[in-house]
Amino acid sequence: MLPVDETNESAYSFVVFGASGRLALSKIFPALWQLYRDNLLPQGTKIFTFCRSQLELAKFRIKCVPYMRLDRERDPVKYNSFWSNVHCCCGSYDNPQDYVELRESMVRQETKHNMTLANRIFYLATPPVVFDHVTLNISRKCLSMTGWNRVIVEKPFARNELTFKPYQTQLTQIFKESQIYMIDHYLSKRVIQNFFVLRFTNWIWSETWSNKHIAAVMISVKCDKPVQSRADYFNQFGIIRDVMTNDMMQLLAMLTIEQPYSNYVEDMRDEKLKVLKQILTLDMSDLVLGQYCNNGMETDPVKVGYTQHSYIPKNSVTPTFAMAVLHIKSKRWTGVPFILRVGKALNESKTEIRVQYKPMDCDRSEGIKSLPNELVLRLSPKEELFMRMMMKKPGEEQLCLREAQLNLMTRERGSVLGNYQSLLLDIFAGNQMLFMRTDEQCEIWRIFSPVLAYIDVERPDPLPYDFGSRGPIAAYELARRNGFKFY
Ligand code: NDP
C-alpha cells in the first residue's frame, strides 16, 4: 500500500453517486467507516452522498445501520464523529444545477479550514443507464481546479466491444487513465497477491509455470443462491457479462502474465494487456450455457427455476451458468485450456482457481499410484492457497502413497484490511496496481463479443440444470474433453 499523499493543506472530498443503493450501503460506507475508525483516512476527508432519493443525513445514517452495527457499538464516540463528516445531497443525475449544489457543498467544507488544495474522488455506484449524465456533469460542474480528481467506476463496463468504445471515449475525454479506477473485486484478495510473489520469486513455480508442466486450469465462481437482487440488470446482461468479462478475466490475466519489467504499475498493466491480446476469440463450440430450473421434486418455494421467479420474464433465455474454454496463443501457454466456470443456484458458493499439472511418469510399479499435482488458490468462502502433492503414507512399511496438502497461505499478524478498505485506500494513495486499464477491458470485449452477439441475436436455449446441482452435464464433458480432471 502506498502512503496517501497527505499534506496539511489538502482537503479530500469523497463523493458517492447512487448512495441509496445496495453497493453503497453494504460495501462503500462500512469500508469508509472502518478506515476512519482505524485513522487511515487522510485528515480532512469529507464524504458526500448524491442520489435521487430524499435522504437527509439522519435517514441515511439509519439506512446504514444494518451494515455497521457491530463496529459502531465498539466505539460510539468515533462513530458519531464519522457521521459529522458526511454530507447528503439529493438531486437528479441529469440536472446540472444539482451538481452545482454538490460542488458548493464540497467547496464549503474544503475552504473551511483554509485548505489550499482540494482533492476529489467520485465513486459511480450507479446503474449504467446514468453513466453518461453523471460523468458529463462531473466534468462540467464538479472537477477540482486546485488538486487532483479521481473517478471510480463499477462493472458492467458497457455491453460489448461496440458499446465499450463510446464508454471509453466518454471516460477518457474527461479523465486521464491515471485518474480512472475501474474496480475489480477479486484482485485485492490476499491470496492473489501471495500467489504473485510465489510465482515470481520461487524456482519451483517459476520453472513449472508453463505448458511443459501444466495440463489445464479452471477458474470457478460458483454461487448457491438464485438471482434475487438486481434481477432486471442480470436478466439483461447475463452471467457472462456479469462475472466472466471482468472479474474472471482479471484473474486469468494475473495468472498468466509474464514477469513485469518492474513493480511500476504501468509495467504490470502492460503485461496484463499483452497476455489478453494473445487470448483467442471465444468460439461457441467452446462454450456451454445453462439456466437453473426446478426438476419438479423440489418443494422449497425459494428453489424455483429462473423463469419461475415473478421478476423474470417467462420466456427469458438469459444464461445463469456458463463454462467457457479459452486458449492463449503464446510460447508459454499454447496447448493449455483455461476453463472459466460461473453459475448461480449451484450446489455451493466458492471462488477458486485450480491449476492441474501433468501426471508424472511414475505409475509403473504396482501399488504406487500417483495423482498429478494441483495448485489451488481459493478466494472464497475462505482465502486459501495450497498445493496438492504426493507423500509417503506414514507408518507403512511398504512404499504407499497418500495425498498431502502443502499450505502456502501464511496467517497475517495484526488486523488485516478488508478488500474494500484496501481498494479505497489505494485510490486515496493513487495506487492503480489492482485496477484495470481501459485498454484491458477493450481486449476482453474483443474475446467475448462474437459469442455475445450470437447469443443476443440467435437467443439459443441454455441447457436446463437442477437448482442446487453442479450445472449442466455437458459443461463437465467439455471440461473433461479439455483434460481437466475432477478428483
Ligand atoms: P442499485 O440498483 O441499488 O442502484 C444504486 C442507486 O442508483 C439506487 O439506489 C438509485 O438511487 C440509483 N438508481 C437505480 N436505478 C436507477 C435508474 N434507472 N436511473 C437512475 N438512478 C437509478 O445498484 P447497486 O448499488 O447494487 O450497484 C451500483 C453499481 O455497482 C451498479 O452499476 C452495479 O452493476 C455495480 N456493482 C454492484 C455490486 C453489488 O454488490 N451490489 C457488485 C458489483 C458491481 P436513487 O434513485 O436514490 O438515485
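Look up: the structure comes first, before these words.
Residues numbered from 1 in each chain as written. Predicted model: local features only at pLDDT ≥ 70, side-chain atom pairs only at ≥ 80, totals over all residues. Heavy atoms only, no water.

Engineer: What exactly am I supposed to notice about the sheet that holds strand β13 (residues 384–392) here?
Structural biologist: Note: strands within a sheet are paired through backbone hydrogen bonds, in either parallel or antiparallel orientation. Overall, mixed pairing links the nine strands, which are arranged β14-β13-β12-β11-β7-β10-β9-β8-β15 in an open sheet. For this open sheet the edge positions go to β14 (401–407) and β15 (463–466), each flanked by a neighbour on one side alone. On average, each strand axis in the sheet is tilted by 20 degrees relative to the strand beside it, whichever way the strands run. Packed onto the sheet, helix α9 (residues 231–256) meets β7 (214–222), β8 (287–293), β9 (321–326), β10 (338–343), β11 (350–357) and β12 (374–380) and runs at close to 145 degrees relative to β10. (Pairing = 2+ DSSP bridges. Helix = DSSP H or I, 4+ residues; strand = E, 2+ residues; numbered from the N terminus. Axes fitted to C-alpha atoms, helices over the stretch in contact; angles between N-to-C directions. Contact = heavy atoms within 4.5 Å.)

Engineer: Sorry if this is basic, but what is going on with the pairing of β7 here?
Structural biologist: Looking along a regular strand, one sees side chains alternate from face to face of the sheet. For β7, the buried fraction is high: eight of the nine residues fall into the buried class. When β7 meets β11, the two strands line up antiparallel, connected through eight bridges. Each residue of the ladder has a partner; that of Ala 216, found in β11, is Gln 356. Across six bridges, the pairing between β7 and β10 is parallel. Across the sheet, residue Met 218 finds its bridge partner in β10, namely Ile 339. (Buried < 20%, exposed > 50% of the residue type's maximum accessible area, 1.4 Å probe, protein only.)

Engineer: What exactly am I supposed to notice about the packing of aromatic side chains here?
Structural biologist: The relative placement of two aromatic rings is captured by the distance of their centres and the angle of their planes. Taken as a whole and assessed by the stated rule, the structure comprises 32 aromatic pairs. Seen in terms of ring centroids, Trp 333 and Phe 338 are 5.4 Å apart; in terms of plane orientation they differ by 80 degrees. Their pairing is edge-to-face. An aromatic cluster of at least three residues, connected via ring pairs, comprises Phe 29, Trp 33, Tyr 36, Phe 60, Tyr 79, Phe 82 and Trp 83. For Arg 150, the ring lying beneath its charged end belongs to Trp 148, and the centroid distance is 3.5 Å. Over the ring of Tyr 476 we find Arg 470, and its NZ or CZ is 4.7 Å from the ring centre. (Phe/Tyr/Trp six-rings, centres within 6.5 Å; stacked < 30°, edge-to-face > 60°. Lys NZ or Arg CZ within 6 Å of the ring centre and 35° of its normal.)

Engineer: Sorry, what's going on with the packing of helix α5 (residues 131–142) against helix α6 (residues 161–174) here?
Structural biologist: Between two packed helices, what matters for the description is the angle formed by their axes and the separation of those axes. For the pair α5 and α6, the least separation of the axes is 10 Å and the interaxial angle reads 15 degrees. Classed by the angle they form, the pair α5 and α6 counts as roughly parallel. In this structure, α5 crosses over α6, and the sense of that crossing is left-handed. The segment α5 lies against α6, with Phe 131, Asp 132, Thr 135, Leu 136 and Ser 139 engaging Tyr 167, Gln 170, Leu 171 and Ile 174. Taken together, the residues that form the contact of α5 with α6 break down as five nonpolar, three polar and one charged. (Parallel < 35°, antiparallel > 145°, perpendicular 65-115°, else oblique. Left-handed = near helix turned anticlockwise from the far one by under 90°. Nonpolar A, V, L, I, M, F, W, Y, C, P; charged D, E, K, R; others polar.)

Engineer: Explanation requested: the pairing of β12 in the structure shown.
Structural biologist: When you tally the buried positions in β12, you get six out of seven residues, the bulk of the element. Relative to β12, β11 runs antiparallel, the two sharing six bridges. By the bridge assignment, Glu 352 is partnered in β12 with Arg 378. The pairing of β12 with β13 spans five bridges and is antiparallel. Residue Arg 378 lies in a different strand from β13, and its bridge partner there is Glu 384. What sits between β12 and β13 in their antiparallel hairpin is a turn of three residues.

Engineer: Looking at this structure, I do not really get the nonpolar core. What am I missing?
Structural biologist: A general tendency of soluble globular proteins is for nonpolar side chains to be buried together. Grouped together as the largest cluster of nonpolar side chains are 153 residues, with contacts concentrated most on Phe 14, Phe 17, Phe 29 and Phe 448. Sorting elements by how many residues they give to this core places α9 first, with 15 residues. Every residue in contact with Phe 14, bar those within four places of it in the chain, is listed here: Ile 28, Leu 32, Lys 46, Ile 47, Phe 48, Ile 121, Tyr 123, Ile 152, Leu 424 and Phe 428. (Core = buried A, V, L, I, M, F, W, Y, C linked by side-chain atoms within 4.5 Å.)

Engineer: Can you help me understand the sheet that holds strand β6 (residues 180–182) in this one?
Structural biologist: The six strands lie next to each other as β3-β2-β1-β4-β5-β6, forming an open sheet whose pairing is parallel. A strand with exactly one partner marks an edge of an open sheet, and here the two such strands are β3 (86–90) and β6. With direction set aside, neighbouring strand axes in the sheet form an average angle of 20 degrees. Bridging between strand β1 (residues 10–17) and strand β4 (residues 117–124) involves eight bridges; their strand directions are parallel. Bridged to Tyr 12 within β4 is Asn 119. Packing against the sheet, α5 makes contact with β1, β4 and β5 (149–153), and its axis sits at approximately 170 degrees to β4.

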